[in-house]
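Tertiary structure, described
Residues per chain, in single letters:
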Amino acid sequence: GKLYQRGRNYQLALDLYKKAEAIDPTFAPAYRETAELYHLAGQKANAVEAYNKYLELNNSDEARQRYAGFLLNNKQYSEAIVETERLQSGGNNSLYLDRYLGYSYAELGNKTDTAAYTKGLRALVKFFEKAGPGFKYTALDYKYKGLLLSRTGKDSLGIIEMEKAASLDPKMGNDITREIAKSYMKSKKYMKVIETYKKIENGDPANLTGQDFYEMGRAYYYEGGNKQREKKDAEAIGLFVQSDTCFSKLAQKSPTYATAYLWRAKAN
């Protein structure tokens, strides 16, 4: 089974692991390898289920740490936090537990825990401190650190980290770029917001979503207000026209979205 798994013939590997389980239901490695196989195949819920069976036979710290990673991968963030903090309270100082906590608290947000972002940032700072400068960080490490910095009011630092993430993994480029735009919006750097969405647009409006047009339209509107207060009326009018254009495109994408027409009215 392991040979087939290494050869990426996952179905044959799974069939053999199941045979191992049938011969001896107490043979823990069969469940562990089944869980790892499901993980490779992207079947996250099945991976968690198989690993639960493995834990019934092997409840070591090492096994539970891997299980925490599976919970995170399956978007079971609350469960991942409970498992990770339990391991840490038992003396497990693995830097990967700090990574799991940081990611989980970032995804959990402040919905059920008002200090979630602060806890997440604290965990990721520990992770980076433990890992040190020679560690091979992933784009996700920088992404989550950037998000947590931004969501705890450190927008400028957050943008730096998110730009590192985008440079490491171009596939997440536009998603990260949108998060950067949100950070600029929070900082009221409206021209930076516009520039950031222009990067995503890259000369083709089809690259922008309705939400993108909404955010960019608001940035043009607020910057127009700034110019108006500075008595730069010609510049203000140009920005309000651009704002109207953005909300017009939003209305084309979502004709029943009333807010698009409200903002067009304000811009006009």
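The paragraphs below set out a description of the structure included in this document.

What counts, and where the lines are drawn
- Residues numbered from 1 in each chain as written.
- Predicted model: local features only at pLDDT ≥ 70, side-chain atom pairs only at ≥ 80, totals over all residues.
- Heavy atoms only, no water.
- Axes fitted to C-alpha atoms, helices over the stretch in contact; angles between N-to-C directions.
- Helix = DSSP H or I, 4+ residues; strand = E, 2+ residues; numbered from the N terminus.
- Parallel < 35°, antiparallel > 145°, perpendicular 65-115°, else oblique.
- Left-handed = near helix turned anticlockwise from the far one by under 90°.
- Contact = heavy atoms within 4.5 Å.
- Nonpolar A, V, L, I, M, F, W, Y, C, P; charged D, E, K, R; others polar.
- Salt bridge = Lys/Arg side-chain N within 4 Å of Asp/Glu carboxyl O.
- Buried < 20%, exposed > 50% of the residue type's maximum accessible area, 1.4 Å probe, protein only.
- Expected span 1.5 Å × (residues − 1).

Another aspect to go through is the packing of helix α14 (residues 233–253) against helix α15 (residues 258–267). The description of two helices packed together rests on the angle between their axes and the distance between the axes. Where α14 meets α15, the closest approach of the two axes is 9 Å, and the angle between their N-to-C directions is 165 degrees. With respect to α15, the element α14 is oriented roughly antiparallel. The hand of the α14/α15 crossing is left-handed. Counting all contacts with α14, which are made through F240, S243, D244, F247, S248, L250 and A251, the residues of α15 involved are A260, Y261, W263, R264 and A267. Looking at the contact of α14 with α15, its residues break down into eight nonpolar, two polar and two charged.

The full count for this structure, using the stated rule, is 21 salt bridges. Residues E230 and K227 are paired through a salt bridge, measuring 3.9 Å at the closest nitrogen-oxygen approach. For E230, a relative accessible area of 42% gives the class partly exposed. Owing to a relative accessible area of 15%, K227 belongs among the buried residues under this scheme. One salt-bridge network, held together by shared partners, links E223, K227, E230, K232 and E235.

In this section: helix α5 (residues 61–73). With 13 residues, α5 should reach 18 Å at 1.5 Å per residue; the first-to-last C-alpha distance of 19 Å fits that figure. Those residues of α5 that fall on the buried side of the exposure criterion are A63, R64, Q65, Y67, A68, G69, F70, L71 and L72. Phi for K75, located one or two positions after α5, is positive at around 65 degrees.

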